Amino acid sequence: MKILCVYRHKDSVENKDIQKIVTKLKEKGHEIIEFNLFEAKDDSDYDKLIDLIWEADKTISWW
Amino acid sequence: MSYKVCFLIANRIYISDGMRSALGLAVENIYSYTYIFYQKMPAKNEYLDENLAWIRDMEGEVYAVTETMDEETKKYNLEEWELAEATLDDVVDRILECDLVVGYGLPAQKVQAPPQCA
Amino acid sequence: MSKDPDKLGIFVTSPVHIGELVKIVEAALRKGKKVKIFFTYKATHLVFHPDFQKLRKMIPEEDFAICVAAFACEGYEPEYHNMGLTEKQMRTQAYHGELIEEVEKYLVL
């Protein structure tokens, strides 16, 4: 499964428990795509996000 | 088809409303599971107690992710609220099982809630 | 309601991501997608943000709503503080259920 992880806050990227969950998802053979929403600025960043949402089987938007 | 949704909640202020939202989906025949990270449940109250019972009636559940909690928080959530216990591995399995994952609200606060919040 | 393959559902729980929300909606529309948005709990305070009106005007009435119970719990009077939202846009959590069944893709803010 292709899973998109969107991080709304910088804290979420640094959150050890989120990291553990994401690592476990990878270990189970799932493809993880990560998107730092807190760093998105230009229209092109947001266009990319829409593409990623449509490409992914599942999107998890972390706090 | 019946959807399955899991709510992940990390900020204390969002617990009650996250559970209300999870119940809102359960009554629409969507399986809903809520995972509380880090936080102590609010003080016991009838409204939230009823919501929890109703979520369970609808075959949902509210879990305490205990490995993210200190001993006092864990004890309170499991003994006072009788939440089900979950590990991060359980959360991973549920994320994979569910159609949708709801990261509800804001991250956990780094600051201790001041007494004025009471 | 059948699924719309071009529709993105956005469940807004965060009161601090209105800027990102506007950008996401604009990007979705640029790509020929539609959006359906539901604001709940603390995010209902966004009704008073200037960008909220921008969004309200960009999105069809039936695809844009707030949780009226949350709005009232936050101390607002739906009749006076609705900022142009219609009765159809003051909804219960059941709207979230409708949104889930209707959209192809789903994002939480």
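Our structure's up above, just so we're on the same page.
Residues numbered from 1 in each chain as written. Chains lettered and ligands numbered in written order. Predicted model: local features only at pLDDT ≥ 70, side-chain atom pairs only at ≥ 80, totals over all residues.

A. How the structure looks around the interface of chain A and chain B. Contacts between chain A and chain B engage 13 residues on the former and 13 residues on the latter. Among the residues forming the side of chain A that touches chain B, the class breakdown is five nonpolar, three polar and five charged. (Contact = placed C-beta atoms within 7 Å. Nonpolar A, V, L, I, M, F, W, Y, C, P; charged D, E, K, R; others polar.)

B. Region of the structure containing unusual backbone geometry. Non-glycine residue Tyr38(B) carries a positive phi angle of around 65°. By the secondary structure assignment, Tyr38(B) is in the loop between strand 2 (31-36) and helix 2 (46-57). Judged by local crowding, Tyr38(B) falls into the partly exposed class, with 18 C-beta atoms found within 10 Å. With phi around 45°, Tyr41(C) is a residue other than glycine that occupies positive phi space. Relative to the helices and strands, Tyr41(C) resides in the loop between strand 2 (34-39) and helix 2 (50-58). (Helix = DSSP H or I, 4+ residues; strand = E, 2+ residues; numbered from the N terminus. Buried ≥ 20, exposed ≤ 12 C-beta atoms within 10 Å, placed from the backbone.)

C. Representation of the packing of helix 2 (residues 16-27) of chain A against helix 4 (residues 88-97) of chain B within the structure. Look at helix 2 of chain A against helix 4 of chain B: their axes get within 10 Å of each other, and the N-to-C directions meet at 55°. By the angle between their axes, helix 2 of chain A is oblique relative to helix 4 of chain B. Note on packing geometry: the crossing formed by helix 2 of chain A with helix 4 of chain B is right-handed. On helix 4 of chain B, the residues that touch Asp17(A), Lys20(A), Ile21(A), Lys24(A) and Leu25(A) of helix 2 of chain A are Leu88(B), Asp89(B), Val91(B) and Val92(B). Here the residues of the contact of helix 2 of chain A with helix 4 of chain B sort into five nonpolar, no polar and four charged. (Axes fitted to C-alpha atoms, helices over the stretch in contact; angles between N-to-C directions. Parallel < 35°, antiparallel > 145°, perpendicular 65-115°, else oblique. Left-handed = near helix turned anticlockwise from the far one by under 90°.)

D. Layout of the packing of helix 1 (residues 15-26) of chain B against helix 2 of chain B. Residue and element names in this part refer to chain B. In the contact formed by helix 1 and helix 2, the axes pass within 10 Å of each other and the chain directions differ by 35°. Between helix 1 and helix 2 lies a crossing of left-handed hand. Here Ser-16, Met-19, Arg-20, Ala-22, Leu-23 and Ala-26 of helix 1 come into contact with helix 2, specifically with Leu-48, Asn-51, Leu-52, Trp-54 and Ile-55. Within the contact of helix 1 with helix 2, the residues separate by chemical class into eight nonpolar, two polar and one charged.

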